[in-house]
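Each chain is listed here by its residues.
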Amino acid sequence: MKVYADNAATTKISPAALRAVISTYENYSGNPSSLHTSGQLAAEQLLTARQKIAARLGAEAKEIYFTSGGSESDNQAIISAALLGAKRGKKHIVSTAFEHHAVLHTLQKLEKDGFEITLLDVHENGLVTPEQVANAITGDTCLVTIMFANNEIGTIQPITEIGEICSSRGVLFHTDAVQAAAHVDIDVKKMHIDMLSLSAHKFHGPKGAGVLYCRQGIALQSLIEGGAQERAKRAGTENLPAIVGMAAAFDEECANMRQNNEKVAAMRNRLIDGLCEIPHSALNGDRQSRLSGNVNICFEGIEGESLLLLLDSKGIEASSGSACTSGSLDPSHVLLAIGRPHEVAHGSLRLTLSAENTPAEIEYIIKTVPGVVNYLRNMSPMWEKLEKGEMQHVI
Ligand SMILES: *Cc1c(COP(=O)(O)O)cnc(C)c1O
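Residues numbered from 1 in each chain as written. Predicted model: local features only at pLDDT ≥ 70, side-chain atom pairs only at ≥ 80, totals over all residues. Heavy atoms only, no water.

**Some points on the overall build of the protein**
For clarity, the cut-off: For the purposes of this entry, the term helix denotes a DSSP run of H or I that reaches at least four residues, the term strand denotes a run of E that reaches at least two, and both are numbered from the N terminus. We compute the radius of gyration from the C-alpha atoms alone; for a globule the expected value is 2.2 Å times N to the 0.38, where N is the number of residues. Residue burial is assigned from relative accessible area. The probe radius is 1.4 Å, only protein chains are included, and a residue is buried under 20% of its type maximum, exposed over 50%, and partly exposed in between. Contact definition: two residues touch when any of their heavy atoms are within 4.5 Å. Per-residue accessibility takes into account occlusion by the displayed protein chains alone, with areas from the Shrake-Rupley method and a 1.4 Å probe. Here the positive residues are Lys and Arg and the negative ones are Asp and Glu; neither His nor the chain ends is included. All charge positions are set by atom: Lys at NZ, Arg at CZ, Asp at CG, Glu at CD.
From N to C terminus, the protein includes 14 helices and twelve strands. Taking 395 residues into account, the globule formula puts the C-alpha radius of gyration at 21 Å, and the protein, at 22 Å, falls close to it. A burial count over the protein gives 57% of its 395 residues as buried. At a minimum sequence separation of 6, the contacts of the protein that also span at least 24 residues come to 73%. Accessible surface, the protein: about 16,500 Å² in total, of which carbon and sulfur atoms supply 51%. Separation of charge centres in the protein, based on 35 positive and 45 negative side chains, amounts to 4 Å.

**Digging into the layout of surface pockets**
Short version of the rule: Grid points spaced at 1 Å and placed over the protein atoms alone form the basis of the search, with a cavity being a set where a 1.4 Å probe fits but cannot get out and a pocket an open set showing protein on both sides within 12 Å along at least five of seven lines. Lining residues have an atom within 4 Å of a point. Grid points are joined across faces, edges and corners, and a volume is the space filled by probe spheres set on the points. Amino acid classes used here: Ala, Val, Leu, Ile, Met, Phe, Trp, Tyr, Cys and Pro are nonpolar; Asp, Glu, Lys and Arg are charged; the rest, including Gly, are polar.
In this model, the largest pocket occupies a volume close to 400 Å³. Along the walls of the largest pocket sit 29 residues, with His183, His204, Leu353, Ser354 and Ala355 positioned nearest its centre. For the lining of the largest pocket, the elements supplying multiple residues, two or more each, are helix 8 (240-255) and helix 9 (257-275). Take the lining of the largest pocket: its biggest share by element is four residues, from helix 9. Class assignment of the residues belonging to the lining of the largest pocket gives a composition of nine nonpolar, 16 polar and four charged.

**Comments concerning the sheet that holds strand 3 (residues 92-96)**
Through backbone hydrogen bonds, the strands of a sheet pair up, either in parallel or in antiparallel fashion. Note the cut-off: Strands qualify as paired when DSSP identifies two bridges or more between them. Note on geometry: axes are C-alpha line fits, over the in-contact stretch for helices, and angles between N-to-C directions span 0 to 180 degrees.
Spatially, seven strands are ordered 2-8-7-6-5-3-4 in an open sheet, and the strand pairing comes out mixed. Where the open sheet ends on each side, the last strands, each with one partner, are strand 2 (64-67) and strand 4 (116-120). Each strand of the sheet is rotated relative to its neighbour by a mean of 20 degrees, with strand direction disregarded. Against the sheet, helix 6 (residues 159-169) contacts strand 5 (141-145) and strand 6 (172-176), and its axis sits at roughly 155 degrees relative to strand 6.

**A short note on the confidence of the model for the protein**
Applicable threshold: A score from 0 to 100, pLDDT tells how confident the predictor is in each residue.
Chain-level pLDDT for the protein is 96 on average; 98% of the residues reach the 70-or-more range. Helix 12 (residues 342-345) is the least confidently modelled element of the protein, averaging 91 in pLDDT, while strand 6 averages 99, the highest of any element.

**Some points on the pattern of salt bridges**
Note the cut-off: Each reported salt bridge corresponds to a side-chain nitrogen of Lys or Arg within 4 Å of a carboxyl oxygen of Asp or Glu.
The final tally for this structure, using the stated rule, is twelve salt bridges. The salt bridge partner of Arg50 is Glu230, with a shortest N-O separation of 2.8 Å. Separated by 180 residues along the polypeptide, Arg50 in helix 2 (residues 37-57) and Glu230 in helix 7 (residues 229-232) bring together distant segments of the chain. Residue Arg50 is classed as buried on the basis of its relative accessible area of 13%. Relative accessible area serves as the criterion here: at 6%, Glu230 is assigned to the buried category. The partner of Asp194 in a salt bridge is Arg215, and the shortest N-O contact between them spans 2.7 Å. Pair noted here: Asp194 is in the loop between strand 6 and strand 7 (195-199) and Arg215 is in the loop between strand 8 (210-214) and helix 7, with a separation of 21 residues, a long-range link.

**Some details on the sheet that holds strand 10 (residues 294-299)**
The sheet built from three strands is open, its strands ordered 9-10-12 with antiparallel pairing. Each of the sheet's edge strands pairs with one partner strand only, and the pair in question is strand 9 (281-283) and strand 12 (348-352). Between one strand axis and the next, the sheet turns by 25 degrees as a mean value, whatever way the strands run. Bridge analysis of strand 10 against strand 12 gives five bridges, and the strand direction is antiparallel. Directly across from Asn296, in strand 12, lies its bridge partner Arg350.

**Quick notes on the side chain of Thr352**
As for its placement among the helices and strands, Thr352 is situated in strand 12. When near neighbours in sequence (up to four residues on either side) are disregarded, Thr352 contacts Ala5, Asp6, Asn7, Ala8, Gly293 and Asn294.

**Some remarks on the site of the ligand**
How we decide: Being near a molecule or strand, for a residue, comes down to having at least one heavy atom within 4 Å of it. Two N or O atoms form a polar contact when they lie within 3.5 Å of each other; inside protein one atom must be a possible hydrogen donor and the other a possible acceptor, and for residues adjacent in sequence the pair counts only when both atoms belong to side chains.
Around the ligand, a shell composed of 13 residues is seen, among which Ser71, Asp176, Gln179, Ser199 and Lys202 lie nearest. Ser71 places a polar side-chain atom, nitrogen or oxygen, 2.7 Å from an oxygen atom of the ligand. Here Asp176 contributes a side-chain N or O atom positioned 2.6 Å from a nitrogen atom of the ligand. Calculation on the ligand without its partners gives an accessible area of 380 Å², and the protein chains cover 86% of this total. Residue contributions to the shell around the ligand peak at three residues, all from helix 3 (residues 70-87). Its residues assigned to classes, the shell around the ligand comprises two nonpolar, eight polar and three charged.

**Notes on helix 4 (residues 101-112)**
Quick reminder of the rule: By definition here, a helix of n residues has an expected span of 1.5 Å times n minus one.
In a regular helix each residue adds 1.5 Å, so twelve residues correspond to 16 Å; helix 4 covers 16 Å between its end C-alpha atoms and thus fits that length. Along helix 4, the residues that are buried comprise His101, Ala102, Val103, Leu104, Thr106, Leu107 and Leu110. On its buried face, helix 4 is in contact with helix 3, strand 3, strand 4, strand 5, strand 6 and helix 11 (333-337). Positive phi shows up at Gly114, right after helix 4, with a value of about 100 degrees.

**Re the packing of aromatic side chains**
Spelled out, the test is: What counts as a ring pair is set by centres within 6.5 Å for rings of Phe, Tyr and Trp (its six-membered ring), and what kind of pair is set by the plane angle: stacked under 30 degrees, edge-to-face over 60, tilted for all other angles. Cation placement over rings: the criterion is NZ of Lys or CZ of Arg within 6 Å of the ring centroid and within 35° of the ring normal.
According to the stated counting rule, one finds one aromatic pair in the structure shown. For the ring pair Phe203 and Phe250, a centre distance of 4.9 Å and an interplane angle of 40 degrees mean the geometry is tilted. Note that Phe203 is positioned in the loop between strand 7 and strand 8 and Phe250 in helix 8, a separation of 47 residues in sequence. Given a relative accessible area of 1%, Phe203 falls into the buried group. Over the face of the ring belonging to Phe115 we find Lys91, whose NZ or CZ atom lies 4.9 Å from the ring centre.

**Considering unusual backbone geometry**
What you tend to see is this: most non-glycine residues have negative phi, and most peptide bonds are trans. The residue Ala182 is not glycine, and still its phi comes out positive at about 70 degrees. Inspection of the secondary structure puts Ala182 in the loop between strand 6 and strand 7. Looking at Ala182, the relative accessible area reads 5%, which means it is buried. A positive phi angle, close to 50 degrees, is found at Glu230, a residue other than glycine.

If you want it as structure tokens, here you go:
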């Protein structure tokens, strides 16, 4: 059996999105900036895509900027807010220790440029509290950037409450909603979100397309200079087929959100219960405030990388954390942020489901993982020490 359970890394493009991409290539080959008919027909497609996405976010079409993906949107949002802050002498930014690297590395760069960065600690359950945010904001704060849902452990943050605090304190609020999009209801106005990042390939859209929502009245800064595309905030000929495909995917996934979440959460719950029967295992992140498709479990005494390779040889494609850090030997910064010790964080397994997975696949995973974990533990010097009592079990 072949099971793809790495939907937080990327998803397969949906048939509707693929059809939209192909039909745009076939029928709308003009440049949306051209004044002739082909150009204007392409421009109409661009506007329709913008309106569709805006409607699903509770935004206005003119507040939607198309980018190359989640990383670019995160970079542009944070750098824009930092430049605006610096103009008013405000150079403090609040974020969390378990953001995606597109956020963390941008903040590290700003820190070198003289910004002060506060990274909030994340509680053991993978959540930050609105009180932590309120306490961290000072008179110098220009931006709070906190992810909507975490890409490794799937925890969903109290975004509305955080948005209210930022709004009442006059601080810009950006959220990386790449993992939450099409899984959680998002209304940027009700949630007091000033800027928000999306990525098409995380919700069954094409790779290389994303959205930055930026509330009207905030002076977005462009990272790419050139033509006047995207209200002169993002130069370069639009990737129209990918943008139209993204809008089709987002529309469809939002329309089916409730029914997909129900189906996927039932499989997730069965998977968590099945895998947590393995001795000395523990779920990472809160069980309730969690994306419907996220399972992230630590197994004591094993190496996550070896587990992944053995599971792959049995047809199960999963991850040990984020795709971006696999290949490095450092344990996940997210698992360290929620207080897992290094040796436990090394033994993590992330399985992220979509509505394309089936209950039979879940049973196959539940049947396969215990044998692989046992096999690895039997070869592990650390497990031997744990079994002999020379080391203490922590989970
Ligand atoms: C995947 C991901 C990104 C990066 O998106 P790309 O479109 O791949 O650049 C950013 N943030 C989160 C939370 C993600 O999961």
